[in-house]
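Overview (structure and organization)
Listed below are the residues making up each chain.
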Amino acid sequence: MCGTSWETSAAALFQNRFLVEPKPCPVYRRVLVKLSGSALLGRQSFGIDKDVLTRYAREIDSVAQAGVSVALVIGGGNIYRGVRDASAGMTRAMSDYMGMLSTMINAMALQDALEQRGLETRLQSSIAMEEIAEPFIRRRALRHLEKGRVVIFGSGTGSPYFTTDTAAALRALEIDAEVLIKGTRVDGIFSKDPEEHPDATRYHRIAGEAVIQRGLRVMDMTAFTLCRESKLPIIVFDVNTTGSLLRIVQGERVGTLVHWEGHADA
Ligand code: UDP
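This section reports on the structure supplied with the text. (Residues numbered from 1 in each chain as written. Predicted model: local features only at pLDDT ≥ 70, side-chain atom pairs only at ≥ 80, totals over all residues. Heavy atoms only, no water.)

What to know about the sheet that holds strand β1 (residues 30–35)
Sheets are built from strands paired through backbone hydrogen bonds, the pairs being either parallel or antiparallel. Applied cut-off: Only strands joined by at least two bridges in the DSSP assignment are considered to pair. Each helix corresponds to a stretch of at least 4 residues labelled H or I by DSSP, and each strand to a stretch of at least 2 residues labelled E; elements are numbered beginning at the N terminus. By definition, residues are in contact when any of their heavy atoms lie within 4.5 Å. Axes here mean lines fitted to C-alpha atoms, for a helix over just the part in contact, with angles spanning 0 to 180 degrees between N-to-C directions.
Taken together, the nine strands give an open sheet; going across it, the order is β4-β3-β5-β2-β1-β6-β10-β11-β9, and neighbouring strands pair in mixed fashion. Since the sheet does not close on itself, it has two edges, and those belong to β4 (134–135) and β9 (205–207), each with one partner. Sheet topology places strand β3 (residues 121–125) next to β4; two bridges connect them, and they run parallel. Residue pairing for β4: S125 is matched across the bridge by P135. Across the face of the sheet, helix α6 (residues 164–174) comes into contact with β1, β2 (69–74), β5 (150–154) and β6 (179–184) while running at roughly 175° to β1.

What follows is the structure, given as structure tokens:
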């Protein structure tokens, strides 16, 4: 009921003839959500876990239903990771292109899952593959978002030697997103790797400069620098916790917020 008058809301509630708790209004108008390909593995060792995909789609749906304009970038680590194979002797650029193609497989799976829920979506690819995706055209992407469509950006940046985190930062800036929300396996940014150190503490809020000074890993330096230059806030959260994405867009403190105000104060 965000943006409607009290009378309209009350009338709608009366007509529904049951009591509905008013939903908190979203604090963001437009967000870019980066989902890791690796998280799509779920309990599998390879490919896409259907349950995880369905959960992702449900979470994204809830945010779109809340009236937030949503764009998505998804990684490809569950299928192919270019850097790893390049270090095993493959030509780096070739390997990276294969990595970018793997992001398209995930992007298509996500598009399908979202459309099965009734959401209107568009998939744009940074590498031409017109039978399955539109080319990436910024102004067209903006138009889709204005019409309430969920836009998925596949194929990373379209260039080797980059990552999907960089693609996420780049596209977030291009579409004027207010925040880059990065879904990971852990609930935010910790003082140490929480998967190895049980005594690691989580930051609720941290300055970007402190992330650099303390050598904390949020995303690769290219992606992070892009956010830093444009003061684009980043929220890191656990993608496997149901409801977190909606709570984030409703302004709740979930995961860790990286901000660009001031210096290295955490
Ligand atoms: N990649 C690339 N350029 C890009 C984005 C991705 O070359 O702009 C390649 C790179 O090899 C990377 C792979 O695609 O390892 C899959 O992306 P990423 O590892 O970022 O996926 P995630 O870890 O998020 O699943």
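As for the nonpolar core
Heads up, the condition is: Definition of nonpolar core: a set of buried residues of the types Ala, Val, Leu, Ile, Met, Phe, Trp, Tyr and Cys, connected through side-chain atoms within 4.5 Å. Each residue gets one of three labels from its accessible area relative to the maximum for its type: buried under 20%, exposed over 50%, partly exposed in between, using a 1.4 Å probe on protein chains only.
Core analysis: the largest hydrophobic core is formed by 38 residues, its most contacted members being V31, Y56, I60, L72, L110, L114 and I181. At seven residues, the largest contribution of residues to this core is made by helix α2 (residues 50–65). What I60 contacts, discounting residues up to four positions off in sequence, is L35, V70, L72, L110, L114, V150 and L245.

Points about the site of the ligand
Heads up, the rule is: One heavy atom within 4 Å of a molecule or strand is enough for the residue carrying it to be called near that molecule or strand. Under the rule applied, a polar contact is a pair of N or O atoms within 3.5 Å (in protein, one hydrogen donor and one hydrogen acceptor; residues adjacent in sequence only if both atoms are side-chain atoms). Residue-level accessible areas treat just the shown protein chains as cover; the underlying method is Shrake-Rupley with a 1.4 Å probe. Each residue is assigned to one of three groups, with Ala, Val, Leu, Ile, Met, Phe, Trp, Tyr, Cys and Pro labelled nonpolar, Asp, Glu, Lys and Arg labelled charged, and all others, Gly among them, labelled polar.
Residues in close proximity to the ligand total 22 residues, the closest being G77, R81, D96, T157 and T164. D96 places a polar side-chain atom, nitrogen or oxygen, 2.6 Å from an oxygen atom of the ligand. Within the backbone of M100, an N or O atom sits 3.4 Å from an oxygen atom of the ligand. Computed on the free molecule, the ligand has an accessible area of 520 Å², of which 94% lies beneath the protein chains in the complex. Among the elements of the structure, α3 (82–87) and α4 (92–116) are those that each provide at least two residues to the shell around the ligand. At three residues, α4 tops the list of elements feeding residues into the shell around the ligand. Partitioned by chemical class, the residues of the shell around the ligand number six nonpolar, 13 polar and three charged.

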